[in-house]
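Fold and contact review
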Amino acid sequence: MAALLESVGAGELRPLRRGEVVEGSVMAIERDSVLVDIGFKSEGVVPVQEMLSMGADPLSKLSIGENVLVFVIQPETAAGQVGLSIDRARGEQGWRVLQERFESGDVFEAEITGFNKGGLLANVEGVNAFIPMSQVVGAKPGSDGANPLSAQVGRELQLKVIEINRRRNRVILSERAALQEWRAEQKDRLLEELAEGEIRTGKVASIRNFGVFVDLGGADGLVHLSELSWDRNAQPEELFKIGDEVNVYVLRVDKENKKIALSIRRAAPEQWEQMITQYAVGDVVPGVITKLVPFGAFARLPGPVEGLVHVSEIVERRIGHPEEVLEDGDVVPLKIVRIEHDRHRLGLSLREARREAELRGWQFDGDGRVISISDEAKEKFEAETTAIEARYESRREADTAQAAARREQAAASASSGGGGGGGGQSAAPEVDTGPVLTAMQAAMQAAQAAQQETSEPAAATEPAPAAEVVEAPPAAEAETTEPAAEAAPEPAAETTETPAEPEASEDAAETQS
């Protein structure tokens, strides 16, 4: 027996002390503990609550015969066993490891072992650590009231030490800080890899009223509202949901400011080609003004396709800004003057479309503003025309008032020129200053001048025969004057017929206006 004890080293047994870290072998795995042979006179027992550092289900991660390091909690329990702890054995070394990670800022992985109302619990190198809910990514209560933290138990998370206090046995970890650091590294890598003009696949990370952020695998790029779809009126909430996978076109890579500009619509140029097939250069189509800029106006055609009306293509005269003629939301006729397939652009002209548009029922005022829309445009843009009907009605009233003012001015100029031919001629340039009915007013004034010239000789010759008839008593002279009296009314008859021409011209002017 003595020889047997000596062969197994029993003769060298020494008393255990609390706090020692020894190595042992797993003898048995029970329901809530593990028996470990540490070479002492009795086996040691490790309760399940002392092996949380091994994960959510520690008993499944041990096997009989496996060697483990244990910490002596109690040299001898009431049952005659040695109380051991795997967590504390690993914790002694774990504190040193965590301190090094805190100082270096390293990001590491750890398994979530539990949770409470304030956050998640993890065991890192045998040290129990806490992750506040504010530091857990996506930890928001669901609509069903379920705790979002329960689903995290058993998962491996990327974590970073943000606070450590050995004396208070306190370690605070953060998933958010670890993710931010990881994404910063990925963003630097992407900024070096990305090239303008290439197409990448990403996932919608967030939706804002000015656009959509797309995750390209560690870095987010912004798809501005104008680059979401060929239909610029589409809202981002209607087109996408968070998590949708989309193809994006890399517009710009700003390495200095670490910004990435993306486009979803340019990643699918075939959509633009399909929409543009219904149009050809020279077509006159209705459009809605969507945006005014100093160099022109953007307009949306049915389809929807958007093009640019350059400031020089709005009216015949030179204007400083499109707002002198157009307003946002105006429905106007436009002529397609250019289609750039390679750049996905349309060149439009309101100036060149006006003549054909008037034949189709469009009406314009003296400044070139649209005051009446064709039936075709009302069918294609029913909602838009309804919204701006009051605007066009006010323009029609203003145009009618201006036309009436011009007629009054013309009439006043004509009456002031009745004293002589020179006065009538001097009034004509004043009437010509009006932008509408200039030729008609000139014709009317010419007719009035002709009437005045004709009436003046008639007025001079008519009294002479009358005087001769009254003063000449002899019969011979009376007989002589009878032909003169008969001849006198003839010029008067011609004179009275002449004024009918300016009256007809005035009626025509009123009808034309």
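Before reading on, note that the structure itself is shown above.
Residues numbered from 1 in each chain as written. Predicted model: local features only at pLDDT ≥ 70, side-chain atom pairs only at ≥ 80, totals over all residues. Heavy atoms only, no water.

1. Quick word on a nonpolar patch on the surface
Together, V137, L179 and W182 make up an exposed nonpolar region whose accessible area comes to about 220 Å². Judged by relative accessible area, W182 falls into the partly exposed class, the value being 37%. (Patch = residues over 30% accessible without salt bridge, like charges linked within 9 Å, V, L, I, M, F, W, Y side chains within 5 Å. Areas by Shrake-Rupley, 256 points an atom, 1.4 Å probe, with all protein chains shown as cover. Salt bridge = Lys/Arg side-chain N within 4 Å of Asp/Glu carboxyl O. Buried < 20%, exposed > 50% of the residue type's maximum accessible area, 1.4 Å probe, protein only.)

2. Thoughts on the sheet that holds strand β13 (residues 220-224)
Pairing within the closed barrel is mixed, and its 5 strands lie in the order β11-β12-β13-β15-β14. Put simply, the sheet's adjacent strands are angled 50° from each other on average, direction ignored. Alignment of strand β11 (residues 199-208) against strand β14 (residues 245-254), held across 5 bridges, turns out to be antiparallel. Within β14, the residue paired with K203 across the bridge is E245. (Pairing = 2+ DSSP bridges. Helix = DSSP H or I, 4+ residues; strand = E, 2+ residues; numbered from the N terminus. Axes fitted to C-alpha atoms, helices over the stretch in contact; angles between N-to-C directions.)

3. Things to note about the pattern of salt bridges
Considering all chains together, one arrives at 29 salt bridges under this definition. Put simply, D215 and R183 hold a salt bridge, and the shortest N to O gap is 3.5 Å. With D215 in strand β12 (residues 211-215) and R183 in helix α3 (residues 175-193), this residue pair connects regions lying 32 residues apart in the sequence. A salt bridge links E376 to R360; the nearest nitrogen and oxygen atoms lie 3.8 Å apart. Residue E376 is located in helix α7 (residues 375-380), and its partner R360 is located in the loop between α6 (354-359) and β21 (363-364); the two are separated by 16 residues in the primary sequence. Classification of E376 by relative accessible area gives partly exposed; the value is 32%.

4. Concerning the packing of aromatic side chains
Each aromatic ring pair is summarised here by two numbers: the centre-to-centre distance and the angle between the ring planes. Enumeration according to the criterion identifies 2 aromatic pairs in this entry. Plain terms: the ring middles of F210 and F213 are 6.1 Å apart, the flat faces sit at 90° to each other, and that makes the pair edge-to-face. If you follow R101 out to its NZ or CZ, it ends over the ring of F108, 4.4 Å from the centre. (Phe/Tyr/Trp six-rings, centres within 6.5 Å; stacked < 30°, edge-to-face > 60°. Lys NZ or Arg CZ within 6 Å of the ring centre and 35° of its normal.)

5. A word on unusual backbone geometry
Although it is not a glycine, N169 adopts a positive phi angle of roughly 55°. Counting through the fold element by element, N169 comes out in the loop between β9 (156-165) and β10 (170-174). With a relative accessible area of 53%, N169 lands in the exposed category. Although it is not a glycine, K258 sits at a positive phi angle of roughly 55°. Along the chain, K258 turns up in the loop between β14 and β15 (259-263).

6. Some thoughts on helix α2 (residues 86-104)
Taking 1.5 Å of rise per residue, 19 residues should cover 27 Å, and α2 covers 27 Å from first to last C-alpha, within 8% of that figure. The sharpest bend along α2 reaches about 40° and sits at E92. Residues I86, D87, A89, G91, G94, W95, L98 and R101 constitute the buried set of α2. For α2, the N-terminal capping position is held by S85, with its side-chain oxygen 3.4 Å away from the main-chain nitrogen of D87. G105 sits one or two positions beyond α2 and adopts a positive phi of about 75°. (Expected span 1.5 Å × (residues − 1). Bend = angle between axes of the 7 residues up to and from the residue. Polar contact = N/O pair within 3.5 Å; in protein donor to acceptor, adjacent residues only side chain to side chain.)

7. A closer look at the nonpolar core
Note on soluble globular proteins: their nonpolar side chains tend to be buried together. Grouped together as the largest cluster of nonpolar side chains are 36 residues, with contacts concentrated most on V331 and L346. Among the elements of the structure, α5 (269-276), β16 (284-293), β17 (296-301), β18 (305-310), β19 (331-340), β20 (345-349) and α8 (382-416) are those that each provide at least two residues to this core. Looking at this core element by element, the count peaks at 5 residues for β19. If you look at the next biggest cluster of nonpolar residues, it comprises 19 residues, including L120, L157, I164 and V171. (Core = buried A, V, L, I, M, F, W, Y, C linked by side-chain atoms within 4.5 Å.)

8. Some details on the environment of Q158
Mapped onto the fold, Q158 is located in strand β9. When the C-alpha atoms of Q158 and W182 are compared, they prove to be 9.0 Å apart, with 24 residues separating the residues in sequence. If near-sequence neighbours (up to four positions away) are discounted, Q158 is found in contact with V107, F108, E109, S174, E175 and A178. Within the structure, the side chain of Q158 is placed 3.1 Å from the side chain of E109, a separation counted as a polar contact. (Contact = heavy atoms within 4.5 Å.)

9. Examining the environment of E198
Positionally, E198 belongs in the loop between α3 and β11. A residue is classified by how much of its surface remains accessible, and E198, at 24% relative accessible area, is partly exposed. The contact partners of E198, leaving out residues within four places of it in the chain, are E193, V248, Y249 and V250. Within the structure, E198 has its side chain in polar contact with the backbone nitrogen of A195 (distance 2.7 Å).

10. Focus: the sheet that holds strand β4 (residues 67-74)
Read around the closed barrel, 5 strands run β1-β2-β3-β5-β4, paired in mixed fashion. Looking at each pair of strands side by side, their axes are set apart by 55° on average, direction ignored. Across 5 bridges, the pairing between strand β1 (residues 21-29) and β4 is antiparallel. Across the sheet, residue V21 finds its bridge partner in β4, namely F71. Along the sheet, α2 makes contact with β1, β3 (44-47), β4 and β5 (82-85), crossing β4 at roughly 100°.

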